[in-house]
Amino acid sequence: MAGQKKLLRALAGEKQDVPPIWMMRQAGRYLPEYRATRAEAGDFLSLCYNSDLAAEVTLQPIRRYGFDAAILFADILLVPQALGADLWFVTGEGPRLSTITTESDFAKLGPASDIHETLNPIYETVRILSRELPAETTLIGFAGAPWTVATYMIAGRGTPDQGPAHALREENTALFEALLARITEATIDYLSKQIEAGAEVVKIFDSWAGSLKGEAFQKYALEPCRQITQALKERHPGIPVIGFPREAGENYVGFAKATGVDCVALDNSVDPEWAAANVQVDGCVQGNLASRHMVTGGQDLVDDTRRIVEAFRNGPHIFNLGHGITPDADPDNVQLMIDTVRGG
Ligand code: CP3
């Protein structure tokens, strides 16, 4: 595996003395250069669909910090938009979408095969990045998992407990499952196009997987992730996939084997020593420093970073946060985390 990029080596199962490192939401509002480019673009969605500027913000954290991976700048909610949902962002509050709660709402969505006209600028961003990234940096594409995307499509916004999506799941299971199937199909096509454009890894973000329990987790978090992973690996043999069933708890155990993903991303509620013994035994893990350290810094940051590196030292590991960095983070704390991982 000599000569291969550090992140790809970890995904192939290699343990490394210094793990590769990148950070969820590494292109974001905590960086002054991001805020400047976003102001130039106008608003967040205009930035996502402007391939040159989206590539620029993807590259900013690579230039500043030399992360081992760049993640395409886009959003998981572009897929619902490409399926025909209205989407807008309310400053300070978050996303808003037209809701899907009835058969007639669902009937207004287009077929999965129609998404590319809207999403073509995203594939162009990937092509620009695969030309411009440093040779040692891995390009990660991504999409939301069907359940997480559905929670936003059903409620029309983010919800603390995913209540509206759970209600539809129980009251109109057929409609709920039809929606999940449509998102699954669109996601396979979307990720497939990202791979054709140059993404070397794809990550499936299931931010709300933790609110599915028992059999519901198996049916609506694990099974769609398995279907997407299997379809991508059939179309693109060898493509590595990272799964992120956030807050899955005990359901992290066996998730990689059951879905076929090459790496499981861990949120920061997971104890690293427990995860080394119960999850890393099946392959690569990613994570899982608490994002608050990027705000608070200091010796606590250094101690927790070292503890995570140490816990995962005996197997393949990608260092990352347990969730996205927040806008109030201090860019110097990011540097301290990187120096601690790379310098010991
Ligand atoms: O990680 C990266 O740097 C890549 C880009 C990326 C964004 N969103 C950019 C973004 C990725 C991978 C996402 C994923 C995403 N988007 C998720 C799953 C991961 C997670 O965080 O749980 C979800 C649930 C979304 C939906 C979404 N997008 C919400 C709820 C919000 C508003 C909350 C917020 O942070 O403001 C967004 C907006 C968003 N997506 C921003 C960024 C950089 C902030 C937009 C801005 O500049 O104002």
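Relevant structure appears above.
In short, a report on the structure. Note that the structure is predicted; figures quoted are calculated from it, not measured.

Conventions and cut-offs
Residues numbered from 1 in each chain as written. Predicted model: local features only at pLDDT ≥ 70, side-chain atom pairs only at ≥ 80, totals over all residues. Helix = DSSP H or I, 4+ residues; strand = E, 2+ residues; numbered from the N terminus. Buried ≥ 20, exposed ≤ 12 C-beta atoms within 10 Å, placed from the backbone. Contact = placed C-beta atoms within 7 Å. Pairing = 2+ DSSP bridges.

Observations concerning the overall build of the protein chain
Phase 1: A count of helical and extended segments in the protein chain gives 16 helices and nine strands.
Phase 2: Structurally, the protein chain occupies a C-alpha span of about 55 × 45 × 40 Å along its principal axes.
Phase 3: Looking at the protein chain residue by residue over its 344 residues, the buried ones come to 49%.
Phase 4: Taking contacts inside the protein chain between residues at least 6 apart in sequence as the whole, the part at least 24 apart equals 72%.

Thoughts on the pairing of strand β4 (residues 138-144)
Phase 1: Of all seven residues in β4, seven are buried, a share of seventy percent or more.
Phase 2: Burial along β4 is two-sided: Thr138, Ile140, Phe142 and Gly144 facing one way and Leu139, Gly141 and Ala143 facing the other are all buried.
Phase 3: Pairing geometry for strand β1 (residues 69-71) and β4, over three bridges, is parallel. Pairing of isoleucine 71 across the sheet is with isoleucine 140, part of β4.
Phase 4: The pairing of β4 with strand β5 (residues 201-206) spans five bridges and is classified as parallel.

This is a description of form; function is not addressed.
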